[in-house]
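# Observations on the three-dimensional arrangement
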Amino acid sequence: MFRSTSNFDKLLEKATSNLRLEPDWPTILQICDLIRQGDVQPKYALGAVKKKLYNANPHSAMFGLLVLESCVKNCGHLIHDEVGTKQYMEQLRELVKTTSHDNVKAKVLELIQAWAYAFRNSPKYRAVQDTLNIMKTEGYKFPTLKESDAMFSADTAPEWADGDVCHRCRVQFGMVQRKHHCRACGQVFCGQCSSKTSTLPKFGIEKEVRVCEACYDSINKPTTT
Ligand SMILES: O=P(O)(O)O[C@@H]1[C@H](O)[C@H](OP(=O)(O)O)[C@@H](O)[C@H](O)[C@H]1O
Ligand SMILES: [Zn+2]
Ligand SMILES: [Zn+2]
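For clarity, every value in this text was computed on a predicted model and none was experimentally measured.

With that out of the way, let us pick up the nonpolar core. Judged by nonpolar contacts, the single largest core of 46 residues is most densely connected at Phe 8, Ile 31, Ile 35, Leu 68, Val 83, Leu 92 and Trp 115. Broken down by secondary-structure element, the contributors of at least two residues to this core are helix H1 (2-15), helix H2 (25-36), helix H3 (42-53), helix H4 (58-74), helix H5 (77-83), helix H6 (86-98), helix H7 (102-118) and helix H8 (126-137). For this core, the leading source of residues is H4, giving nine residues. Every residue in contact with Trp 115, bar those within four places of it in the chain, is listed here: Leu 68, Val 72, Val 83, Leu 92, Val 128 and Phe 152. Among the nonpolar cores identified, the runner-up in size contains 16 residues, and Cys 182, Cys 190, Cys 193 and Val 211 belong to it.

Below you can see the structure in the form of structure tokens.
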């Protein structure tokens, strides 16, 4: 965990360096991969990115926004659950009020509008639409929505389900029988029903992670030619 966090920090430093004049897309996508693989906690990652948005250098602040934009586009609910909160949206609204960089202000308005559209059917992220509405009443002019900006890659690992019994064998969880989650389907299992591991390239997970019996079989079944 700590090795990955320092790796994350190094990549974020590189992607938002004030020596850069152009975005470092390969590094930005490496940052997304670290988050998608679970190598760095979304809360930590977004906290570190947010700090960059207040950088006195307009390039660094803007590159921080490009990292944020890419994380929201590529890392799915792991990131949405953090960005779509009232607290995070309030901080972005505050940034628009306080930043002296017009490019940063314009980019934040563009992102809030795109996310409000992308999350229009997700009550869970209501705070985004609420923030958009509040800022419109405050007189902020939002750019024309580009629907392409609101398209997110759906191929991210599913949210983890909860439950008191194993999804496969129905054994009751307790002090001895511990819960585990399959990273492929997100369901909750006992240790015996989720003892195998697999990489999940379709979700950008290149390391071996815990999967259930059913997912293991479907991932590793010989393709019928
Ligand atoms: O060991 P515990 O204290 O019970 O905690 C469980 C482990 O963290 C499991 O991780 P794993 O799936 O990687 O095993 C996780 O899937 C469960 O939700 C947690 O309850
Ligand atoms: Zn089981
Ligand atoms: Zn599974």
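What follows is about the packing of aromatic side chains. Counting across every chain of the model gives two aromatic pairs. With a centroid separation of 6.0 Å and an interplanar angle of 70°, the aromatic rings of Phe 8 and Tyr 44 are classed as edge-to-face. One end of the pair, Phe 8, is in helix H1; the other, Tyr 44, is in helix H3, and 36 residues separate them in sequence. Overall, Phe 8 belongs to the buried group, its relative accessible area being 0%. Overall, the relative accessible area of 35% leaves Tyr 44 in the partly exposed class. Their ring planes at 50° and their centres at 4.7 Å tell us that Phe 119 and Tyr 125 sit as a pair that is tilted. As far as the burial class goes, Phe 119 and Tyr 125 line up, both buried.

Only Cys 166 (SG), Cys 169 (SG), Cys 190 (SG) and Cys 193 (SG) from the protein reach the zinc ion (ligand 2) as donors, at distances of 2.3 to 2.4 Å. Geometry at the zinc ion (ligand 2) is tetrahedral, judged from the four donor atoms that bind it and their angles of 100 to 119° at the metal. Mapped onto the sequence, the residues coordinating the zinc ion (ligand 2) show the spacing C-x2-C-x20-C-x2-C. Pair noted here: Cys 166 is in the loop between H8 and strand S1 (180-181) and Cys 193 is in the loop between strand S2 (188-189) and strand S3 (196-200), with a separation of 27 residues, a long-range link. Judged by relative accessible area, Cys 193 falls into the buried class, the value being 3%.

Right, let's get into the confidence of the model for the protein chain. Any residue range with low pLDDT should be treated as having predicted coordinates unsuitable for detailed reading. Considering every residue of the protein chain, the mean pLDDT works out to 92; 96% of them sit at 70 or more. Ranking the helices and strands of the protein chain by mean pLDDT puts S1 first, with 98, and H1 last, with 88.

By the element assignment, Thr 131 lies in helix H8. For Thr 131, a relative accessible area of 3% gives the class buried.

So, on to the coordination of the zinc ion (ligand 3). Surrounding the zinc ion (ligand 3) are the protein donor atoms Cys 182 (SG), Cys 185 (SG), Cys 212 (SG) and Cys 215 (SG), at 2.3 Å. Coordination at the zinc ion (ligand 3) comes from four donor atoms whose angles at the metal span 101 to 121°, giving a geometry best classed as tetrahedral. Written as a sequence motif, the donor residues of the zinc ion (ligand 3) are C-x2-C-x26-C-x2-C. For Cys 182, a relative accessible area of 0% puts it in the buried group.

Between its first and last C-alpha, H8 extends 17 Å over 12 residues, near the 16 Å set by a 1.5 Å rise per residue. Along H8, the positions that sit buried rather than exposed are Ala 127, Val 128, Thr 131, Leu 132 and Met 135. Buried residues of H8, viewed axially, fall in a sector of 140°; they line one side. Against H6 and H7 lie the buried residues of H8. Looking one or two places after H8, you find Gly 139, whose phi comes out positive at around 95°.

Turning our attention to the site of ligand 1. In the vicinity of ligand 1, the contacting residues are Trp 160, Arg 178, Lys 179, His 180, His 181, Arg 183 and Arg 210. Between ligand 1 and His 180 there is a distance of 2.6 Å, counted from an oxygen atom to a side-chain nitrogen or oxygen. Between an oxygen atom of ligand 1 and a side-chain N or O atom of Arg 210, the distance comes to 3.1 Å. In the complex, the protein chains occlude 56% of the 440 Å² of accessible area that ligand 1 would expose alone.

What counts and what doesn't
Per-chain numbering applies: the sequence of each chain, read as written, is numbered from 1 onward. For this description, chains carry letters from A and ligands carry numbers from 1, given in the order in which they are written. For this predicted model, a pLDDT threshold of at least 70 governs which residues receive local features, and a threshold of 80 or more governs which side-chain atom pairs are given and counted, while totals over whole chains, interfaces and linings are taken from all residues. Side-chain figures throughout are based on the complete set of non-hydrogen atoms in the structure, without hydrogens or water. Here, nonpolar core refers to any group of buried Ala, Val, Leu, Ile, Met, Phe, Trp, Tyr and Cys residues whose side-chain atoms link them within 4.5 Å. Partly exposed residues are those whose accessible area sits between 20% and 50% of the maximum for their type, while under 20% is buried and over 50% is exposed, using a 1.4 Å probe and protein chains only. Secondary structure elements follow DSSP: runs of H or I of four or more residues count as helices, runs of E of two or more count as strands, with numbering from the N terminus. Any two residues having at least one pair of non-hydrogen atoms within 4.5 Å are treated as being in contact. The rule is short: rings of Phe, Tyr and Trp, with Trp giving its six-membered ring, pair when the centres are within 6.5 Å, and they are stacked under 30 degrees, edge-to-face over 60, tilted in between. Coordinating donors are taken to be N, O and S atoms lying within 2.8 Å of the metal, or within 3.2 Å when the metal is Na, K or Ca; because water is excluded from the atom set, some sites may appear incomplete. Only four donors with every angle between 85 and 135 degrees are called tetrahedral; only four or six donors with opposite donors over 155 degrees apart and all others between 65 and 115 are called square planar or octahedral, in that order; all others are irregular. How sure the predictor is of each residue is captured by pLDDT, a score from 0 to 100. In this scheme, a helix's expected span is set at 1.5 Å multiplied by one less than its residue total. In this context, the arc is that of the directions from the helix axis out to the C-beta atoms. A single heavy atom is enough: if one lies within 4 Å of a molecule or strand, its residue is considered near that molecule or strand. Two N or O atoms form a polar contact when they lie within 3.5 Å of each other; inside protein one atom must be a possible hydrogen donor and the other a possible acceptor, and for residues adjacent in sequence the pair counts only when both atoms belong to side chains. Accessible areas in this description were obtained via Shrake-Rupley with a 1.4 Å probe; residue shielding takes into account the shown protein chains only.

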